[in-house]
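Examination of the molecular architecture
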Amino acid sequence: MIQIGIIGGSGLYNVEGLKKIKEIAVRTPFGNPSDKIITGEIAGIKVGFLARHNRKHIFTPTEVPYKANIYALKKLGASVVLAFSAVGSLQEKFPPKTLVMPDQLIDKTTLRQNTFFGGGLVIHAPFAYPFCNCLQELLYKEAKKLKIKAASGATLVAMEGPAYSTKAESLFHKKMGFDLIGMTACPEAKLAREASLRFAQVCMVTDFDTWKEGEEVSVAKVNETMKYNEVCAKKLILAAVPLIAKTACCADCKKEMPDLKASHNKAVDKKVLKKLEVILKQKF
Ligand SMILES: [Zn+2]
């Protein structure tokens, strides 16, 4: 059993310093997760690492099996998910090589299954605060202590991809006051919420998207930045995991968890409930 699930995105394919490493192939009613889950210990805390796009990077953001990923981490016992994603920045104040802990999310994806529910089972999870703000705060403070360039309180847009934004889209998002743009926080954060997992999101800024004149994205520059961000993310994981394991969520976070009692409706097909046993924390 693990306590904390870590999802690594582009530029983060493993965790350094893990002890007692095992690779586990987890099966779920939603198919296979992106990759085997690498379990191990950080300062005695059991964690499971999952490469979102697979360690061979074979899934586009649209193709990532989000439901299987969240289900698998929950099945292994995780109560917290720590998600890392490479993002573009829409604001000068979040330059490349910064780790940003956002507090809000805009969903502009169009081709993804974004819920575990349906088929007769109707549950509306609260999502006003998509990230666990206690954890965002903890991660921000810890990053600062480690002298990592960090920021908090940003709005992240999730776009479908895999192509990047046009200049007009980028300028539009910037003018709307959004701060960061990525491709995976939706439906990942939404599904984690439905699964009653505490969800933290660390955005690793790689570039200024496409809005900034003279700062157009170049592959070589982005790769160098990604390597830098990877080192920072790995340091942050080692330092934050023992702290996260010790902290419980505040009352505000607890209010955001879904009311799973709605699933007691007798009209719901047993097969639907059976498939969701892990998510609903009940046997059917
Ligand atoms: Zn919290």
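Now for a look at the structure at hand. Quantities reported herein were computed from a predicted structural model and do not represent experimental measurements. (Residues numbered from 1 in each chain as written. Predicted model: local features only at pLDDT ≥ 70, side-chain atom pairs only at ≥ 80, totals over all residues.)

**Description of the overall build of the protein**
Per the secondary structure count, the protein includes eight helices and 11 strands. The C-alpha atoms of the protein give a radius of gyration of 18 Å, which matches the 19 Å a tight globule of 284 residues would have. Across its three principal axes, the protein shows a C-alpha extent of roughly 60 × 40 × 40 Å. The proportion of buried residues among the 284 residues of the protein is 45%. For the protein, restricting intrachain contacts to residue pairs at least 6 apart in sequence, the fraction spanning at least 24 positions comes to 81%. (Helix = DSSP H or I, 4+ residues; strand = E, 2+ residues; numbered from the N terminus. Rg over C-alpha atoms; globule rule 2.2 N^0.38 Å. Buried ≥ 20, exposed ≤ 12 C-beta atoms within 10 Å, placed from the backbone. Contact = placed C-beta atoms within 7 Å.)

**Describing the pairing of strand β2 (residues 19-24)**
Every regular strand shows the same layout, with side chains that alternate between the two sheet faces. Buried residues are scarce in β2, accounting for zero of its six residues. Judged from the four bridges that link them, β2 and strand β3 (residues 37-42) form a sheet pairing that is antiparallel. Residue E23 lies in a different strand from β3, and its bridge partner there is I38. (Pairing = 2+ DSSP bridges.)

**A word on unusual backbone geometry**
Most peptide bonds take the trans configuration, and most residues that are not glycine carry a negative phi. Cis geometry marks the peptide bond from G161 to P162; its omega dihedral reads -5°. Assignment of secondary structure puts P162 in the loop between β9 (155-159) and α3 (167-175). Between C186 and P187 the backbone carries a cis peptide bond, its omega angle lying at 10°. One non-glycine residue, D209, lies in positive phi territory at about 50°. Overall, D209 belongs to the buried group, with 27 C-beta atoms counted inside 10 Å.

**Structural notes on the environment of K234**
If you trace the backbone, K234 turns up in helix α5 (residues 219-246). Using a count of 17 C-beta atoms within 10 Å as the deciding quantity, one classes K234 as partly exposed. Taking the C-alpha atoms as reference points, K234 and E16, separated by 218 residues in sequence, lie 6.6 Å from one another. Contacts of K234, omitting those with residues within four sequence positions, involve V15 and E16.

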